[in-house]
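Summary of the model geometry
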Amino acid sequence: MSRGGLMRFGAVALMWGSTYFWIKMALGGMNPTQFSLVRVAIGAVAMLAIVVLTGAALPRRPGVWLRLLLVAFLVNALPVLLVQIVPDATGEDVGVVSVFNASVPLWALLLAPLLRERAAGGRTVAGVLIGFAGVLLMFPPWEQVSRWFTWSSLINFVAAVAYGYALFYMVRVMREENMRPLVLSATQALFGVAWAALTLTWQDWGPAPTWSSEVLIALAVLGILNTAVVFTIFVRMVRDDGPVLSSTVLYLVPVVLLLGSVWLEDAPLTALQVVGMLVAAVGVLVARLGAGTDRPAGPAKPADVDAEAAGPDAPARPVTPAGSRPSGSVSRTAAHRRAI
């Protein structure tokens, strides 16, 4: 992996893994409904500014927007809709969500042949399996087995499969429409604002937010860095490395989350979790080392890729993606889901 690729990979893992702590800070002055709308609105404004400054152009054909709408639905809207219609689906657990998030590379592996995409090579497959085993060690499924058989788990399962498919669809759209990652991520931010505004039709806005310095800093980090810049980085990774290899960054997200919990909240860290972190990191390394020989073929790089590397595209979901859950109390798990 090049130095730039390593920095992009690390930036996504660091931002998505720390999302919970920033959301917790933001919710000190506003409720989840307000947070969802304000965050994606800030991200959308930032994205539009970047598009204008870089001379990029948003799609004009309605057909392209419909394809991008499908991406937004799979990545952002579908999990939220399921939470709204499935009873008792909000009692999520951070371990359950972490494991389902980390299953995205597995689903990408399985979906590749079904979608007639080039299958990953042996080293990449080995790295994906090793990395997922590390996540299982961090959050052992054999502890409190009943938590894996809930409506919440079903939602996370569906969301993981949908996200795995969405990654392939992103690559297809960028390839067939000759679209830059910057443009795709900007459209997702716009759809995120529309979706968050739509949820206001059935959600209570509540009392006016308290605009403290901590709240403003958290919103700036989550809106500008996470929703805009980091998601754009991830989309570029998906384009350059393919869905399977790029999604292995999700193995490092729980590593950052656990270490942040120890540092900021004095949470305990077990020996098994430490082993899991190391195994997850080894899995990522194995997958990345095999990328030179068995990385799935991606779309041809556009002529302006070097310009992107120097701009905001080489530096954000949900996640999470531009969207975020509009209702309910926000636990560490809900924040974690927003990371992809």
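Not measured: the values here are computed from a predicted model.

**Describing the nonpolar core**
Judged by nonpolar contacts, the single largest core of 83 residues is most densely connected at Trp 16, Met 170, Phe 234 and Val 249. For this core, the element with the most residues is helix α9 (residues 213-241), which contributes 14 residues. Once residues lying within four places of it in the same chain are set aside, the contact partners of Phe 234 are Val 12, Trp 16, Tyr 163, Leu 167, Ser 246, Ser 247 and Val 249.

**A closer look at the pattern of salt bridges**
Where charged atoms from two side chains of opposite charge come close, those side chains can pair. Summed over all chains, the structure comprises 8 salt bridges. Across the salt bridge formed by Glu 176 and Arg 67, the nearest N and O atoms sit 2.8 Å from each other. With Glu 176 in helix α7 (residues 151-176) and Arg 67 in helix α3 (residues 62-85), the pair connects residues that are 109 residues apart, well separated along the chain. Residue Glu 176 is classed as partly exposed on the basis of its relative accessible area of 48%.

**Here's the deal with the packing of aromatic side chains**
Evaluated as defined, the whole model comprises 6 aromatic pairs. Aromatic side chains Trp 65 and Phe 191 sit 5.8 Å apart centroid to centroid with 75 degrees between the ring planes, which places their arrangement in the edge-to-face category. With Trp 65 in helix α3 and Phe 191 in helix α8 (residues 181-199), the pair connects residues that are 126 residues apart, well separated along the chain. Taking the centre distance of 5.5 Å and the plane angle of 75 degrees together, the rings of Trp 107 and Phe 157 count as edge-to-face. Linking Trp 107 in helix α5 (residues 104-114) with Phe 157 in helix α7, this pair joins segments that are 50 residues apart in sequence. Overall, Phe 157 belongs to the partly exposed group, its relative accessible area being 34%.

**What to know about the side chain of Ser 185**
Within the fold, Ser 185 resides in helix α8. Relative accessible area serves as the criterion here: at 1%, Ser 185 is assigned to the buried category. Setting aside residues no more than four positions away along its own chain, Ser 185 makes contact with Met 47, Phe 231, Thr 232 and Val 235.

**Regarding the packing of α8 against α9**
Interaxial distance between α8 and α9 falls to 9 Å at its minimum, and their mutual angle equals 130 degrees. By the angle between their axes, α8 is oblique relative to α9. Pair α8 / α9 crosses with right-handed handedness. Contacts between α8 and α9 involve Pro 181, Leu 182, Leu 184, Ser 185 and Gln 188 from the first element and Phe 231, Thr 232, Val 235, Arg 236 and Arg 239 from the second. The residue inventory of the contact of α8 with α9, partitioned by class, reads 5 nonpolar, 3 polar and 2 charged.

**Examining the confidence of the model for the chain**
Looking at the chain as a whole, the pLDDT averages 83, with 81% of positions reaching at least 70. Scored below 50 in pLDDT, residues 295-340 makes 154 contacts in the model with residues more than four places away or belonging to other chains.

**A short note on unusual backbone geometry**
Non-glycine residue Arg 116 carries a positive phi angle of around 60 degrees. Take Arg 116: it is sitting in the loop between α5 and α6 (122-138). The exposure class assigned to Arg 116 is exposed, which follows from its relative accessible area of 81%. Look at Asn 178: it is not a glycine, yet its phi comes out positive at around 50 degrees. On the secondary structure map, Asn 178 appears in the loop between α7 and α8. Look at Asn 178 and you get exposed, because its relative accessible area is 62%.

The rules behind each value
- The residue numbers shown here count from 1 along each chain, following its written sequence.
- This being a predicted model, a pLDDT of at least 70 is required before a residue's local features are given, and a value of 80 or more before pairs of side-chain atoms are given or counted; all residues contribute to the totals for chains, interfaces and linings.
- Heavy atoms throughout the structure, all of them, feed into the side-chain values; hydrogens and water do not.
- Put simply, a nonpolar core is a bunch of buried Ala, Val, Leu, Ile, Met, Phe, Trp, Tyr and Cys residues held in one set by side-chain atoms that sit within 4.5 Å of each other.
- Any residue under 20% of the maximum accessible area for its type is buried, any over 50% is exposed, and the rest in between are partly exposed; the area is computed with a 1.4 Å probe on protein chains only.
- For the purposes of this entry, the term helix denotes a DSSP run of H or I that reaches at least four residues, the term strand denotes a run of E that reaches at least two, and both are numbered from the N terminus.
- A contact between two residues is defined here by any heavy atoms of the two lying within 4.5 Å.
- Whenever Lys or Arg places a side-chain nitrogen within 4 Å of a carboxyl oxygen from Asp or Glu, that contact is recorded as a salt bridge.
- Ring pairs shown here join Phe, Tyr and Trp side chains whose ring centres sit within 6.5 Å, with only the six-membered ring taken for Trp; geometry is labelled stacked below 30 degrees between planes, edge-to-face above 60, and tilted in between.
- Here an axis means a line fitted to C-alpha atoms, over the contact stretch when the element is a helix, while the angle between two N-to-C directions is reported on a 0 to 180 degree scale.
- To sort the angles, those under 35 degrees are grouped as roughly parallel, those over 145 as roughly antiparallel, those from 65 to 115 as roughly perpendicular, and the leftovers as oblique.
- Throughout, a crossing is termed right-handed when the near helix is turned clockwise from the far one, and left-handed when it is turned anticlockwise from it by less than a right angle.
- Gly counts as polar in this scheme, as do all residues outside two lists: the nonpolar Ala, Val, Leu, Ile, Met, Phe, Trp, Tyr, Cys and Pro, and the charged Asp, Glu, Lys and Arg.
- Every residue is assigned a pLDDT by the predictor, reflecting its confidence on a scale from 0 to 100.

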